[in-house]
Amino acid sequence: MVARPAEVQLIRAQARRIALAAQGFADPAHRARNAGAGLQRRITLGHLGRVLDRIGLLQIDSVNVLTRAHRLPLFSRVGPYDDDLLTRATARRPRRLVEYWAHEASFVPPAIHRLLRWRMQRVHEEGWGMIRRAAENRAMLDAVRAEVDAHGPLTAVELERRLAEDGFTGERQGNGYAWNWSDAKRALEYLFFVGEVTSAGRTAQFERRYDLTARVLPPAVADAPDPTPEEAFRGLVAIAARAHGVATEQCLRDYFRLSPAQARPAIAELVAAGELLPARIAGWSRPAYLHRDARRPRRVDARALLVPFDPLVFERTRTEALFGFRYRIEIYVPREKRVHGYYVLPFLLGERLVARVDLKADRAAGVLRVPGAFGEREQDGWDEERVAAALAAELRLMAGWLGLEGVAVGDRGDLVPPLRRALDAPAPAVATR
């Protein structure tokens, strides 16, 4: 019998730094983005690729009050980058990112898309009702396959128009909450879920352009044999473990939405192989696992605004356990009941989440609006002026990246007065080459 490895003992501050390093916030690229008056660098596809190698996915969300959610984790880690880099990665061959249901709807590297084929084969267990019912309309599925094969990439609207010309019409079915999808759109989403079609890119309106998956994936991935479900679960847990640095079973499962029955044998195998080390974090009731290659920095000097769907914070119990920061998104909360605002981003400074900021890109006025800014004053070493100055620098950086001319602060929150003072102070000059 192989002896179980001794548990690694960690305090919460160590676990927090390990987590930040695993997500790229201790990398030279992140330090360079925050260098203030230092040299501005040109961000390349290689910089983005290194972030994606670390975090494994970019969650997609339709809300565009600030910018599309998948854009921000890259900005948070490497700074202002040309959006054409993401277009190249997602819409041009050889694609470095493709879409599928990973955490939620996500961009993932093609190799991870291959590890999700088990989910495609379990549409009747994993898919939701509207998707499952589309399988009953065989004539529509066949018609959609034929149109995409002959004319793809196509948006759903373009597909519906072509089908109507051929005499295929259908009903629109919504439930008062979900999308009012046509039969053709539901057929498309069924074929997307089972892996027959995928997105070959997005339009300027963020509509998917559907094409056959075999034409979108790099040939080496498209033609590779399917991994067994057990191989896939082990691979996905390993990716989640690297992305977390240190994590509980719940964290490892949540990253790719695995069940306990799927994740637990994979975790046990990775522990037996020495890739995961059992860990105990002081103050945590649940056992944890440390990735063997996780960096353990003595300090992390980060600065970033985090989109609500950033993988550092999208598992809310982990965020609270690591940072003592209780985070709830209030998009679906009635306006009069919101505590902090509609689209609130945690602000990371050093090793802590020190504030939360409600943000809106007012493109018509050309300004980044800050309806509210709230300090986390119970944090050790809280320094109002330091937080406000760092937040002002981050907001200026974000506004410039979004093509906005300035920052306009509202009147909600205790951090508003010092933030206004910091924004009124002259911004440091930035050297360029």
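Residues numbered from 1 in each chain as written. Predicted model: local features only at pLDDT ≥ 70, side-chain atom pairs only at ≥ 80, totals over all residues. Heavy atoms only, no water.

Secondary-structure assignment places Y255 in helix α16 (residues 249-255). Judged by its relative accessible area of 0%, Y255 falls in the buried class. For the pair formed by Y255 and A243, sequence separation is twelve residues and the distance between their alpha carbons is 9.1 Å. In contact with Y255, not counting residues within four places along its chain, are Q23, I55, L57, A102, H103, A240, A243, H244, P311 and F314. Here the side chain of Y255 touches I55 through a polar contact of 2.6 Å, landing on its backbone oxygen. (Helix = DSSP H or I, 4+ residues; strand = E, 2+ residues; numbered from the N terminus. Buried < 20%, exposed > 50% of the residue type's maximum accessible area, 1.4 Å probe, protein only. Contact = heavy atoms within 4.5 Å. Polar contact = N/O pair within 3.5 Å; in protein donor to acceptor, adjacent residues only side chain to side chain.)

Let us now look at the packing of aromatic side chains. Geometry of an aromatic ring pair is reported as the spacing of the ring centres plus the angle between the planes. Taken as a whole, this structure holds ten aromatic pairs when the rule is applied. Pairing F75 with W401 gives two aromatic rings, centres 4.4 Å apart and planes at 10 degrees, and the pair type is stacked. Within this pair, whereas F75 is found in helix α4 (residues 72-78), its partner W401 is found in helix α19 (residues 384-401), the two being separated by 326 residues in sequence. Per residue, the accessibility class of F75 equals that of W401, and both read buried. Considering the side-chain rings of W118 and F233, the 4.9 Å spacing of their centres and the 80 degrees angle between planes classify their relative orientation as edge-to-face. Taken together, the residues span a long stretch of sequence, with W118 in helix α7 (residues 117-120) and F233 in helix α15 (residues 229-244) at a distance of 115 residues. The ring of F206 has R202 sitting right over it, with the charged end atom 4.1 Å from the ring centre. (Phe/Tyr/Trp six-rings, centres within 6.5 Å; stacked < 30°, edge-to-face > 60°. Lys NZ or Arg CZ within 6 Å of the ring centre and 35° of its normal.)

The subject of this paragraph is the pairing of strand β3 (residues 98-101). Every second residue of β3 is oriented toward a common face, with V98 and Y100 on one face and E99 and W101 on the other, all of them buried. Looking at chain direction, β3 and strand β4 (residues 105-108) are connected through four bridges and run antiparallel. Paired with V98 across the two strands is V108, which belongs to β4. Between β3 and β4, which pair antiparallel in sequence order, lie three residues. (Pairing = 2+ DSSP bridges.)

Considered for burial, the residues of helix α18 (residues 316-323) that qualify are R316, R318, T319, L322 and F323. Each buried residue of α18 lies within a common arc of 155 degrees when the element is viewed along its axis, so the set occupies one face. At the C-terminal side of α18, G324 shows a positive phi close to 65 degrees. (Arc of directions from axis to C-beta.)

The next subject is the pattern of salt bridges. Scanning the entire structure with this criterion turns up 34 salt bridges. R33 is the partner of E394 in a salt bridge, and the nearest nitrogen-oxygen pair spans 2.8 Å. Within this pair, whereas E394 is found in helix α19, its partner R33 is found in helix α2 (residues 28-33), the two being separated by 361 residues in sequence. Accessibility classification places E394 together with R33 in one group, the buried group. Two residues, R145 and E196, come together in a salt bridge whose shortest N-O distance is 2.7 Å. Of this pair, R145 sits in helix α10 (residues 138-151) while E196 is found in the loop between α12 (183-193) and β7 (197-202), placing the two residues 51 residues apart along the sequence. The class of R145 is partly exposed, set by a relative accessible area of 22%. Connected through shared salt-bridge partners, E99, K185, E189, R202 and R208 make up one network. (Salt bridge = Lys/Arg side-chain N within 4 Å of Asp/Glu carboxyl O.)

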